[in-house]
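Each chain, written out:
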Amino acid sequence: MKMLKEKWHILSALAVMVLTALTIGGCHMIPLGDSGSQKGVASIIGVSQANMREEWRVALINELREETEKYEDIQIVTTDATGSAAKQVQDIDNLIGYGMDLLIISPCDEKIMGEKIKEVYDSGIPVIVMDRSVEGFDYTLYIGPDNEVIGQQAGSYIIDLLGEKGGDVVVLQGNPASVQGTERLSGFKGAIENAPGITLHEVYLAAESKDAAYDIVVTAKNIVENSDIIFAYSDSMALGACDALKALGLENKVMIVDCDGFKGADEGIDLVSQGRLMATVSCPIGGKEAIDYALSILNNESGVPKQVILRSNIIDKSNVEENVNRINADTSDDGRKLKVGYSQVGQESNWRLANTKSIEESAKAFNIDLHMEIADQSQEKQFEAIRSFIKEGVDVIVVSPVVETGWDEVLREAKAAGIPVIMSDRNVLVENREENLTTTYLGADFVEEGRRAMRWIRDNVDSTGGDMKIMEIMGNVGASPTEERDAGFREILEENPGYEISYSAYGDFTFDGGKKVIREYLEKNEWDIDIIFSQNDDMALGAIEELKAHGIKPDEDVKIISVDATTEAFEAMVRGELSCAVECNPIIGPQLMKAIRDLCSGKQMPFRIITDEKVYDQSVAEDYIRKRRY
C-alpha cells in the first residue's frame, strides 16, 4: 500500500500543478483519467505527444483514454510538444521527474528524439515508441502502422474498382513534410504507376484539413467533374472532399477512397456506412495495443516483442458492419489448452536448434499442445504437415517456410478450414495479398539486419584508401532471410561509396556451405577480398576455417561480419577471428505463444511482430559470451 499512496501523492501534486499552469495559460500538459478518484494508483504512464494539432494524435489520446478507463490502478499524464523537439525533450525530463513508471512517446524528430529515447531506455524506464520509428532498437517496444502498405492497399483497391477500362483519379496532397502522408502517397503511387488506363491528377492543399480539402475540390471543379475517383490519405481530407462533392452536385458521380478509417461521427468508417466514401483503408491507432503491452511490461510478463506493425484493412460497404463488430468486440483468454501445429523448416544450424527448443519450452509454459513436424528443408514435407494439421483440426498452424513462394494453394485450404496461419521466422509471398491467407508474421526484421551489418562496416572499416571489396555469402536461394538481408545490406552500401560487392555466392546457411564458397573463390582467384558479409554464423565459421587452411588470417587480412550472434560466433570474436555479429534472436517462443493466445482470445493480430536484436563486436564479446542462451 505504501507504493500506491506514494503514486497517489505524486499524481495529486501533478494535477494541482497542471491546473494552476492551465489557469496561467502556458502549459500543454493534460492529465487523463479521473484525477479526482480516491482509488490507489499502482502505475503512472507518461505520454509524450509530438503535436496535438494532428488528427491522428488526437485519436490516439482518445483511444488511450478509453483503454485506461478500464483499469482502476493506472493513470496517464500526457504532454504536447507542439512540434518542437526541444520542448519534447523537456517534457520527457519533467515526466520522469514526476515518477513515471513507463513512457509512451510519438517522436516529433526521429534523430533528436532517438538519442533521448535511448537515454531514457538505458536508465531502466520502459519506453513504448509509437507512429514514428527511430534508428536502432534502444527502446522497449515500437507500435505503429506501415503507412506505405496502407497506400498500396488503397491503390490496389482503386485499380480493382476501375477495372480494365481504367479512369481518372484526383490525388489530394497535403503537407510534403508529413511523414505519414509522404509514405502513404509513395505506396499509393507505387501500386498505381503500372496500372493501364489510369491517369493521376495531383492537387495540392494548403493544409491537411477538412476545410483545405473542401476548398481545393471546389476550386478544381473542372478536373474533379471529369474524374472517377478522389484519393485522400486522411479522414479529415476525405470529409472535406465529401462536402465539396455534395456542394457541387457530384456526390453520385465521383467516388472517394481514403486512409485512416477512424471510429466516430464523420470519420472514415462512419462515412463508409453513410455511403459517402466508397472505401477507407484502416490505420489502427495503437492506443489499445499500447496499454495492453504497457501492462504486460509493468507486470514483467514474458512474450513482449520489440516491434508491432499494426494491420490495416480495406473497409467498404460489404464488410463495414463486420469490421465495426470486430473493433467493438470484447476479447478474453479462457485459459483452455490450445492445439497448435508447427511446421519447422529444419535443423540446419545451431540457431535453428535453439529456435526449436525455445518454441517447445514456451508451448508448455503457455498451456499449448504443440505438434511439431521437421521439414528437413523440403517444401513438399511442409505441405504434407499443414494438411495433416488441418485434418487434426488444430486451433492454429505455424509455419517457418523453406522458401517464400508457392504457398497459395495450401494456405487457402487452411483458410477454408477456418484455421489461422502464423508465419514464424520467415515470411511468404502470396499472389493476392488481399486474400489474407496468413494472420501475422513473427520474427526478425531481416532487412534491418542487413542494414546493421553494412552500418557496422561503414563505421568500423575505413574505405579512404580506395574501394573495399566485399564478398557476400548468402543463404538459401529464394528464402526470405537471404533476399531481405541482401536488400538491407545493399541499401546502406549504395549510400556509402568506397565499398563494393565484388563476389556473391550461396552457402545454404551451413558450415560446409561457407567453406565451399571460400574454396571455390580461391580455386579461381588470388585472395583480394577486404570484407566478408556472411548471412549467418555457421557459414561465417566455415569460411573462417577454410581461410585459415589457406594461410589467410581472419579479422586481420579480411574483416568478417555475420548474422545470428550464437555462442560459437561470440567464441570466434573472443579469439579475434570474427569481427562482428548482428543478432538474429532465435528465442522467440514466448512472443509466439503470446501471439497465439492473443489470436485465440479474439484480438486483431498485427501485420508483423518483430523480436529484439542487437549488434555485437569484439569490443564487447567477452562481456556477453557468458550470457548467451544459444
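A brief look at the structure comes next. (Residues numbered from 1 in each chain as written. Predicted model: local features only at pLDDT ≥ 70, side-chain atom pairs only at ≥ 80, totals over all residues. Heavy atoms only, no water.)

1. Observations concerning the pattern of salt bridges
- In this structure the tally under the stated criterion is 44 salt bridges.
- The partner of Arg 608 in a salt bridge is Asp 146, and the shortest N-O contact between them spans 3.5 Å. Placement of Arg 608 in strand S24 (residues 608-610) and of Asp 146 in the loop between strand S6 (141-145) and helix H5 (147-162) is noted, with a sequence separation of 462 residues between them.
- On the basis of relative accessibility, which here comes to 19%, the residue Asp 146 falls in the buried class.
- We note a salt bridge from Lys 469 to Asp 528, for which the minimum N-O separation is 3.2 Å. Of this pair, Lys 469 sits in strand S19 (residues 468-474) while Asp 528 sits in the loop between helix H18 (511-524) and strand S21 (531-534), and the two are 59 residues apart along the sequence.
- Given a relative accessible area of 28%, Lys 469 falls into the partly exposed group.
- For Asp 528, a relative accessible area of 33% translates into the label partly exposed. (Salt bridge = Lys/Arg side-chain N within 4 Å of Asp/Glu carboxyl O. Helix = DSSP H or I, 4+ residues; strand = E, 2+ residues; numbered from the N terminus. Buried < 20%, exposed > 50% of the residue type's maximum accessible area, 1.4 Å probe, protein only.)

2. Points about empty space enclosed by the protein
- Taken as a whole and assessed by the stated rule, the structure comprises three cavities of 30 Å³ or more.
- In this model, the largest cavity occupies a volume close to 120 Å³.
- Around the largest cavity, the lining residues are Glu 348, Ser 349, Trp 351, Arg 352, Asp 425, Arg 426, Pro 481, Arg 485, Phe 509, Asn 536, Asp 564 and Cys 584.
- Within the residue set of the lining of the largest cavity, elements represented by two or more residues are helix H13 (350-365) and helix H17 (480-494). (1 Å grid on protein atoms, 1.4 Å probe; cavity = no way out; pocket = protein on both sides within 12 Å on 5 of 7 lines; lining within 4 Å. Points joined across faces, edges and corners; volume = space filled by probe spheres on them.)

3. Some details on the side chain of Asp 486
- Looking at the secondary structure, you find Asp 486 in helix H17.
- For Asp 486, a relative accessible area of 15% corresponds to the buried category.
- Apart from residues lying up to four places away in sequence, Asp 486 is in contact with Glu 472, Met 474 and Gln 535. (Contact = heavy atoms within 4.5 Å.)

4. Notes on the sheet that holds strand S9 (residues 229-232)
- Ordered by their spatial adjacency, six strands build an open sheet running S8-S7-S9-S10-S11-S13, and the pairing between neighbours is mixed. Of all strands in the sheet, those with a lone pairing partner are strand S8 (198-204) and strand S13 (314-316), marking the two edges. Taking each pair of neighbouring strands and ignoring which way they run, the sheet shows an average axis angle of 20°.
- Here four bridges tie S9 to strand S10 (residues 255-260), and the two strands are oriented parallel to one another. Residue pairing across strands places Ile 230 opposite Ile 256, the latter belonging to S10.
- Taken strand by strand, helix H9 (residues 235-248) contacts strand S7 (167-173), S9, S10 and strand S11 (279-282), and its axis lies near 160° from that of S10. (Pairing = 2+ DSSP bridges. Axes fitted to C-alpha atoms, helices over the stretch in contact; angles between N-to-C directions.)

5. Some details on the pairing of strand S16 (residues 396-399)
- Here S16 shows a buried face lined by Val 396 and Val 398 and a second buried face lined by Ile 397 and Val 399.
- When strand S14 (residues 338-344) meets S16, the two strands line up parallel, connected through four bridges. Within the sheet, the bridge partner assigned to Ser 343 lies in S16 and is Val 399.
- Inspection of the sheet shows S16 paired to strand S17 (residues 421-424) by three bridges, in the parallel sense. The residue of S17 that forms the bridge with Ile 397 is Val 421.

6. Regarding the nonpolar core
- Core analysis: the largest hydrophobic core is formed by 75 residues, its most contacted members being Leu 172, Ile 230 and Phe 231.
- Among the elements that line this core, the one with the most residues is H9, at seven residues.
- Ignoring sequence-local partners within four residues, the contact set of Phe 231 consists of Ala 154, Ile 158, Val 169, Val 170, Val 171, Leu 172, Leu 185, Phe 188, Val 257 and Cys 259.
- Residues Ile 105, Val 134, Met 454 and Val 461 belong to the second largest nonpolar core, which totals 62 residues. (Core = buried A, V, L, I, M, F, W, Y, C linked by side-chain atoms within 4.5 Å.)

7. Describing the packing of helix H14 (residues 379-392) against helix H15 (residues 408-416)
- Where H14 meets H15, the axes come as close as 10 Å, and the angle between the chain directions of the two elements is 10°. In this view, H14 runs roughly parallel relative to H15, as classed from their interaxial angle. For the pair formed by H14 and H15, the contact residues are Phe 383, Ile 386, Arg 387 and Ile 390 on the first element and Glu 409, Val 410, Glu 413 and Ala 414 on the second.
- Considering only residue class, the contact of H14 with H15 consists of five nonpolar, no polar and three charged. (Parallel < 35°, antiparallel > 145°, perpendicular 65-115°, else oblique. Nonpolar A, V, L, I, M, F, W, Y, C, P; charged D, E, K, R; others polar.)

8. Re the sheet that holds strand S22 (residues 559-564)
- Read across the sheet, six strands follow the order S20-S19-S21-S22-S23-S25 without closing on themselves; strand pairing throughout is mixed. The open sheet terminates on both sides in strands that have one partner only, identified here as strand S20 (499-506) and strand S25 (615-617). Going across the sheet, the axis of each strand differs from the next one's by a mean of 20°, ignoring polarity.
- Note that strand S23 (residues 580-583) and S25 share three bridges and pair antiparallel. From the neighbouring strand, Ala 581 faces S25, where its bridge partner is Tyr 616.

9. Brief notes about the environment of Arg 311
- As for its position among the elements, Arg 311 is in the loop between strand S12 (307-310) and S13.
- Put simply, Arg 311 and Pro 284 are 27 residues apart on the chain and 6.9 Å apart in space, counted from C-alpha to C-alpha.
- Dropping the residues within four chain positions of it, Arg 311 is found in contact with Ser 282, Pro 284, Asn 436, Thr 438, Thr 439, Thr 440, Gln 604, Met 605, Pro 606 and Phe 607.
- One polar contact links the side chain of Arg 311 to the main-chain carbonyl oxygen of Met 605, over a distance of 3.4 Å. (Polar contact = N/O pair within 3.5 Å; in protein donor to acceptor, adjacent residues only side chain to side chain.)

10. Things to note about the packing of aromatic side chains
- Using the criterion set out here, one finds seven aromatic pairs in the structure.
- Ring geometry for Phe 188 versus Phe 231: centroids 4.0 Å apart, planes at 5°, classification stacked. Linking Phe 188 in helix H6 (residues 179-192) with Phe 231 in strand S9, this pair joins segments that are 43 residues apart in sequence. Both residues of the pair, Phe 188 and Phe 231, count as buried.
- A centroid spacing of 4.3 Å and a plane angle of 5° characterise the contact between Phe 489 and Phe 533, whose relative ring orientation is stacked. Here Phe 489 is found in helix H17, whereas its partner Phe 533 is found in strand S21, with 44 residues between them in sequence.
- Under the relative-accessibility criterion, Phe 489 is labelled buried at 0%.
- A relative accessible area of 0% places Phe 533 in the buried class. (Phe/Tyr/Trp six-rings, centres within 6.5 Å; stacked < 30°, edge-to-face > 60°.)

Geometry only, nothing functional implied.
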